[in-house]
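# Observations on the model geometry
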There are 6 protein chains.
Amino acid sequence: MWSKNVETFLECDKNPHYATTLLFGAPFDSTTSYRPGTRFGPAAIRRESYGLESYSPYLNEDLEDGSVLDLGDLELCLGDTRKALEQIEDRTREILQAAKRPFLLGGEHLVTLGAFRAVAERYPNVHIIHFDAHADLREEYLGAELSHACVLRRCWELVGDGRIYQFGIRSGTREEFTWGASHVETRLFDFDGLEETLDRLKGKPVYFTVDLDVMDPSVFPGTGTPEPGGVTFDALRQAVTMVCSRARVVGCDVNELSPPYDQSGASTMAACKIVREMLLALQSMRPHGKGDDDNTGGM
Amino acid sequence: MWSKNVETFLECDKNPHYATTLLFGAPFDSTTSYRPGTRFGPAAIRRESYGLESYSPYLNEDLEDGSVLDLGDLELCLGDTRKALEQIEDRTREILQAAKRPFLLGGEHLVTLGAFRAVAERYPNVHIIHFDAHADLREEYLGAELSHACVLRRCWELVGDGRIYQFGIRSGTREEFTWGASHVETRLFDFDGLEETLDRLKGKPVYFTVDLDVMDPSVFPGTGTPEPGGVTFDALRQAVTMVCSRARVVGCDVNELSPPYDQSGASTMAACKIVREMLLALQSMRPHGKGDDDNTGGM
Amino acid sequence: MWSKNVETFLECDKNPHYATTLLFGAPFDSTTSYRPGTRFGPAAIRRESYGLESYSPYLNEDLEDGSVLDLGDLELCLGDTRKALEQIEDRTREILQAAKRPFLLGGEHLVTLGAFRAVAERYPNVHIIHFDAHADLREEYLGAELSHACVLRRCWELVGDGRIYQFGIRSGTREEFTWGASHVETRLFDFDGLEETLDRLKGKPVYFTVDLDVMDPSVFPGTGTPEPGGVTFDALRQAVTMVCSRARVVGCDVNELSPPYDQSGASTMAACKIVREMLLALQSMRPHGKGDDDNTGGM
Amino acid sequence: MWSKNVETFLECDKNPHYATTLLFGAPFDSTTSYRPGTRFGPAAIRRESYGLESYSPYLNEDLEDGSVLDLGDLELCLGDTRKALEQIEDRTREILQAAKRPFLLGGEHLVTLGAFRAVAERYPNVHIIHFDAHADLREEYLGAELSHACVLRRCWELVGDGRIYQFGIRSGTREEFTWGASHVETRLFDFDGLEETLDRLKGKPVYFTVDLDVMDPSVFPGTGTPEPGGVTFDALRQAVTMVCSRARVVGCDVNELSPPYDQSGASTMAACKIVREMLLALQSMRPHGKGDDDNTGGM
Amino acid sequence: MWSKNVETFLECDKNPHYATTLLFGAPFDSTTSYRPGTRFGPAAIRRESYGLESYSPYLNEDLEDGSVLDLGDLELCLGDTRKALEQIEDRTREILQAAKRPFLLGGEHLVTLGAFRAVAERYPNVHIIHFDAHADLREEYLGAELSHACVLRRCWELVGDGRIYQFGIRSGTREEFTWGASHVETRLFDFDGLEETLDRLKGKPVYFTVDLDVMDPSVFPGTGTPEPGGVTFDALRQAVTMVCSRARVVGCDVNELSPPYDQSGASTMAACKIVREMLLALQSMRPHGKGDDDNTGGM
Amino acid sequence: MWSKNVETFLECDKNPHYATTLLFGAPFDSTTSYRPGTRFGPAAIRRESYGLESYSPYLNEDLEDGSVLDLGDLELCLGDTRKALEQIEDRTREILQAAKRPFLLGGEHLVTLGAFRAVAERYPNVHIIHFDAHADLREEYLGAELSHACVLRRCWELVGDGRIYQFGIRSGTREEFTWGASHVETRLFDFDGLEETLDRLKGKPVYFTVDLDVMDPSVFPGTGTPEPGGVTFDALRQAVTMVCSRARVVGCDVNELSPPYDQSGASTMAACKIVREMLLALQSMRPHGKGDDDNTGGM
């Protein structure tokens, strides 16, 4: 009769046996360079999702019909970046071993590295689609190599050239752009070229990482490093839908919501709705298929 | 020499005798499902209107030349929804009997039902133009039939099929959309089709209800249920101007501003400016005319 | 291996079988007269409790050793006060029937009425100890009898004269104080007389209701109706400890936290710590005992 | 039937003929040295007073039985300090000529100078009781003589030595304290000595100026220059009551509430309650009496 | 070894000898009519600039390679408008005499008058390019001629007809627009016509004044008088870049950021990025050239 | 003529040669367990100090007469705790080697460890006086030994039993209190016993660490882990004055101000004033004296 209080993202309380996507939070922000607070992101997304409907008129789909389970947040070792990343990597590996799709909610963008290590281990030929305002390609930041400003550079070290596709980038050092030009594919400012990229990656395993600050601060002020001049909510919604419904997404994350910096809650709702649309679009996709070309790197 | 302090919306202090539009507030939010606070909406709109000019460069009109009187807020029975709606209905009926146009400031969207009851009684053939992010067509919400999530459904019960035109809708349950398809006309996401609708409703009495959350939360975060992906301020401004200057608006309302959720005040200013533009556009329209076809329902 | 996300108040995740106190939230604020938002109170208390330790140096007790289960929040019918109160009453009755102690987290103060109906039914001779800034003894408020401004008056109707002991009261109409003088015992401004009251109520069943706004707004600004001139946190802490460790508390509630009005979170922490100290003090008390004089009213 | 919206401080809507105290606001903050925003003070006090009761259990008095009229705010010339002060002086003079008591709501503390000029003209032997955190005795501030940091120095120029009694002072330059020692009477930190002062001023006309920042920032963070270490709300409440019920207050002001700096609204409520208690205590006092020794300076 | 703490805008710490642009702040907001707070603008822009990169991917330029020195804020006489303007004028004159370009950070828009006086003295044939939501062409405002609502009118008095080009204007009184029609060139709502204007002003000295409220409040809520319906960040960015890289800008200012009204900090970042882009675009321009036609007024 | 913008704490811009105390900030909060933001503490203290006077009426001293230099903030490696602590240690060592007193502004409390390492190296017989709400004596926290919850435990490892005196503690795990009982001296809740402690430590070198959350959250809500039930501002002010004027303070720190959590700024002002009073009280003390017993451990 009496049971403990359960809280999950909108309708993401499905039977673990049949769930195909497992949602989990990594409330970590220790390397954030400007304004911390993203540690509160995953809990806020879970909690405030009840301000949305589970049905999407864009997709004519409902999360009630989905197969997602929200596992809650990891309890991470704040202040010890190495350990925290290992915890995220371990959880991701477990999910992959259970033949399910990991969906990580950050936290700062560095959390991607934890998840991606497990994904790249399982899918050596994985590619990354990366939406962000910032290139995140620094070699190091203030002496730290494990910094959210370096996360894609660290990911690159795992897979090498030609595997990372960036969109929406509008900030970085001159060095990042120079280095990036010969190692990753960077599209500035918007999502131009996304369709072609998806065509090229057809059938290949894709890790999809969304730094929500790709949106303009008018839409999404609640983030650590607001960078004016970003995309609209609808532009991001359409782009994530396109990726999730056309690419073979074997893992993904949504990060950099910092709720304390948006007292109106609008940023949190934008994050919730992006997560909902991604989950709905992924609903019809199966991440692990027989015959997929998963084990060879390169294109 | 000494007189009590008077506060009205910008220049809306005209002689009650000659006033053609009567503005009044309904500070009610008891059925709000997500975040309350719209009770503070009408007072904030009145107060902050002084941050605007009374002159509109869009319309080349000035509220100084208008004929609007702001009656202030009703003192509503919070917690007893039925009584509160009756109070709104009574005030609206009095205004209509005085052959003036009621302009209601909410409060949550349910206040529309109070005003619309009086309007539908006086104009049995009235139609509704409804701008909103949410369909508001539920049969009931958490057991309540008098909820802001059901308000258009309750209005529909008064006038029947084919009388309600919704624009900008981007949220609802699957059931609401299914039911709506055969009872009301719903345009998703924007104001496409508004001109055709206005052509069809030419000469017919129209009740115009504006849920300000039809705007994107970037423009209007100060609301109970922010729903990302809405229209811009200018899109809404143009649409309300079109309705108010082309339709025969016999009553209207603007609702769902929740000032505590936008500490910057920008949401309140957006509400103020929409109200100003509506009042200016209505200025040249007369709501009650001889020969109008007011007494027969249907189209 | 995978399980849904569980969230409870600090260590209040004990086996339902052995739990002696059941915590539950009533996120209701529809009758709030001034500033709504207490609906967010119980979830905030649950969530932010992790900023505290489970151990109290005041009492040298730890919630780890306790027997409390947090059931989460009721899903209440907002806008229909009568139904919402019935839902609270039903849940309280079930808890009492299971021979456990209900501990209700509001919401606005009116939620007390729901819980108290069930308690008064089970313990006809129950007395109320009431901490509050406001007398809450109005006959009606703006036409509503079910209003948080009337809640103790409604409770009085269930048990009659001489059963209600108020402390800390510093606000009310002249009528409330006049009426109160002959029906309840009211101590103004602080907790003077609390020990004598506890002596008088020794062994009798007590319902304990704490409106947190009894604290000064400097300590507790996050509430619907801040009333300057209240008690300090330590004064309240000592007083609730005294009641919970010396009275026979058969049910209790803590209410009127409105998190949106205190962006610093300090109000929420004050609420959390009061709840922790109450739970710890109640730990050593058994609410239901053989031989207790439970079935006759009067003193 | 229809009338413009009236807004006054709690029950301060009495007939101008019979009103004995006239309340008015001076929304001015142009010389504020640290954080502006007090211009919003008087309107916030008026508006939020409805969160209080009109009855005081401290005094057993009710504003319903009072004779106060709230005239609203002056429309002041911001940016031209000299003009703004003249406007305040003119309004005060009119009130005094009508044999009523002016009660000014600031605005920054400099507004006192406007009111005090008119009062000192009418009552050459007036004394000042001054509650404040800051001495406000500078000769000039950043080149301006008309600055809120100099206001008591400017008042001193009108009446000379021995007329100003300061209480609660806890901030100033070394020069201010040195100068003050031989010209005004300054009590540091609290209200010690207030009773003796009131005894000495018995029957003499008193101008009473309350800078609300005399309260500790915990109670009253919403002010331009928060200065930790102040008095509690209750200490101030008792002190203002003592002054208003024992001194012959011929004019008074309450100032330095800056609502934007306290999003919780608790500061505004503290201001409202201080104003209420002052008005209630003044209720039984008549400011202008035959036989009073009003026309000779000195003690 | 030990040195005082230095704080400048991003990389604007160049040797005073070689610096070509001198940045300085005027923290003044005494005439602000609606909501003060712009005095905190320049310090916030300086401080928060570290959330940006010094490199711009739009321009492929880096402030590291620039020649800008940030002198910090003037210590202005608040409350004495005349003096404050003189202080700004003096500083600007010194900068011009050193053959450097003054770049002023407001503060309210009135600060422009101080800088422009010095500029118009040095360049009698200077023209103004003015981006703003408000026309700022009033003859006086509430009795003050030195008000931010009159600043362009005051500038016009210095240079006469045909010298002022306004863009983005969407608010003003009817009188302002009427007067403006025969004295200045006003483009409503956006930057249409900017290219033609720049063509016409080719080679002529231009003072460029940017009121940031030309942006929509969704992008830039942190301002004194938010006016819905403005331009996007990208539209403003492109327009300022065009002016700074094509006109001969002999002085400029950016004003009306009021950080307290945007707790998210997004408005400050928008201001920072506009300043960065302007500085970068100015980098390749020399303001003072031999053979320029600087000494004759008219077009 | 032109110079870079300098910003220091109030009057702390003295010649490095003659300065006896060197102030520096450590903007670090990577191990904060609950709410980050203390990285913004030192800059806020520096900046907002201008809301205070440099003169103290409590001490009749002025910082103008002092000999303090503010060096600004270290640029720390966020996310790499070990490196950040080394940077703090290095800076402290340099200051000590220059025979000056280090005064560190945090940041989270872990920064103390960096400074204390250098101090304990230089003064092996140093003792710690520790003001805090939290015991900070954990062996590890969520797997991290370098956490702000463990900082005093780490300091104890450097100096051993009987060297640490804690005051004001009101939160900890049962284990911390048990362990502490035999290793450090802990006074709960307030400053009782401080005078005796100072008597015992007479002449011995003392490191003084102030976690500002020892104050009640009503006074100081802007902190990472608000813990209700703390001391008043005046209690802390008197206690720090007593320590700084009677102990031989060879190094000290003030930490845990998190400005984003107190939008009113009152917390920052409390921090500023505590720092000012400490600096003034230290002014008459010389930290390094001939004949002091500095080189032998033990008591």
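Summary of the structure given here. (Residues numbered from 1 in each chain as written. Chains lettered and ligands numbered in written order. Predicted model: local features only at pLDDT ≥ 70, side-chain atom pairs only at ≥ 80, totals over all residues. Heavy atoms only, no water.)

Below, the discussion takes up the pairing of strand E8 (residues 185–188) of chain E. Sheet faces and side chains relate simply in a regular strand, where the side chains alternate between the two faces. Residues and elements named next belong to chain E. Alignment of strand E7 (residues 164–169) against E8, held across 4 bridges, turns out to be parallel. Across the sheet, Phe167 pairs through a bridge with Arg187, a residue of E8. With respect to chirality, the unit in which E7 leads through helix H5 (residues 174–181) into the neighbouring parallel E8 is right-handed. (Pairing = 2+ DSSP bridges. Helix = DSSP H or I, 4+ residues; strand = E, 2+ residues; numbered from the N terminus. Right-handed = clockwise from strand over helix to strand, strands pointing away.)

This part takes up the interface of chain E and chain A. Each partner contributes residues to the interface: chain E has 22 residues there, and chain A has 23 residues. Summed over both sides, the interface of chain E with chain A buries roughly 1800 Å², with 52% coming from carbon and sulfur. Looking only at chain E, the three residues that lose the most surface to chain A are Glu53, Tyr55 and Pro57 of chain E, adding up to 28% of its buried area. For the interface between chain E and chain A, the tally reads 3 salt bridges. For Asp65 of chain E, the salt bridge identified is with Arg174 of chain A, shortest N-O distance 3.3 Å. Applying the counting rule to chain E against chain A returns 8 residue pairs in polar contact (both at pLDDT 80 or more). Only strand E3 (61–62), helix H7 (233–246) and helix H8 (266–282) of chain E provide two or more residues apiece to the side of chain E that touches chain A. In terms of residue count, the dominant contributor to the side of chain E that touches chain A is H8 of chain E (4 residues). Partitioning the side of chain E that touches chain A into residue classes produces 9 nonpolar, 6 polar and 7 charged. (Contact = heavy atoms within 4.5 Å. Buried area = accessible area lost by both parts, 1.4 Å probe. Salt bridge = Lys/Arg side-chain N within 4 Å of Asp/Glu carboxyl O. Polar contact = N/O pair within 3.5 Å; in protein donor to acceptor, adjacent residues only side chain to side chain. Nonpolar A, V, L, I, M, F, W, Y, C, P; charged D, E, K, R; others polar.)

Moving on, we come to the pattern of salt bridges. Counting across every chain of the model gives 144 salt bridges over all chains. Here Arg47 of chain A makes a salt bridge to Glu48 of chain A, at a shortest N to O gap of 3.4 Å. Overall, the relative accessible area of 21% leaves Glu48 of chain A in the partly exposed class. Of the charged contacts, one joins Lys273 of chain D and Glu227 of chain C as a salt bridge, the two residues approaching to 2.7 Å between their closest N and O atoms. On the criterion of chain membership, the pair formed by Lys273 of chain D in helix H8 (residues 266–282) and Glu227 of chain C in the loop between strand E9 (205–211) and helix H7 (233–246) is interchain, its members lying in two chains. On the basis of relative accessible area, Glu227 of chain C is assigned to the buried category, the value being 1%. (Buried < 20%, exposed > 50% of the residue type's maximum accessible area, 1.4 Å probe, protein only.)

With an RMSD of 0.0 Å, the fit of chain E onto chain A corresponds to turning through 120° and sliding 0.0 Å along the axis. Here the copies are linked by what is in effect a three-fold axis. For chain E, the minimum C-alpha distance to the rotation axis belongs to Ser218 of chain E and amounts to 3.0 Å. Little of the interface of chain E is mirrored in chain A: 9% of its interface residues are interface residues there too. (Least-squares fit on C-alpha atoms with pLDDT ≥ 70 in both.)

Here the amide bond leading from Gly106 of chain A into Gly107 of chain A is cis, since omega sits at 15°, within 30 degrees of zero. At Glu11 of chain B, a position not held by glycine, the phi torsion is positive, near 65°. Relative to the helices and strands, Glu11 of chain B resides in the segment before strand E1 (21–26).

Contacts between the two partners involve 23 residues from chain C and, on the opposite side, 23 residues from chain A. Between chain C and chain A the total buried area reaches about 1800 Å² when both faces are included, carbon and sulfur atoms providing 65% of it. In terms of surface lost to chain A, no three residues of chain C exceed Trp2, Lys4 and Asn5 of chain C, which account for 41% of the buried area on that side. Applying the counting criterion to the chain C and chain A interface returns 0 salt bridges. Contributions of two or more residues to the side of chain C that touches chain A are made by helix H1 (41–48), strand E4 (68–73) and helix H2 (81–97) of chain C. A per-element tally of the side of chain C that touches chain A places E4 of chain C first, with 5 residues. Residues that form the side of chain C that touches chain A fall into these classes: 9 nonpolar, 4 polar and 10 charged.

Glancing now at the side chain of Asp29 of chain E. Residue and element names in this part refer to chain E. Position of Asp29 among the secondary structure elements: in the loop between strand E1 (21–26) and helix H1 (41–48). Taking the relative accessible area as the measure of exposure, Asp29 reaches 1% and is therefore buried. A polar side-chain atom of Asp29 sits 3.3 Å from the main-chain amide nitrogen of Thr38. There is a polar contact of 2.8 Å between the side chain of Asp29 and the side chain of Arg39.

It is worth spelling out the relation of the copies chain C and chain A at this point. Relating one copy of the chain to the other requires a rotation about an axis plus a shift along that axis. With an RMSD of 0.0 Å, the fit of chain C onto chain A corresponds to turning through 180° and sliding 0.0 Å along the axis. What we have between these two chains is a two-fold relation. Every residue of chain C has its C-alpha some distance from the rotation axis, and the shortest such distance is that of Val6 of chain C, at 2.2 Å. In this assembly, 100% of the residues forming the interface of chain C have copies in chain A that are likewise at the interface, indicating an isologous arrangement.

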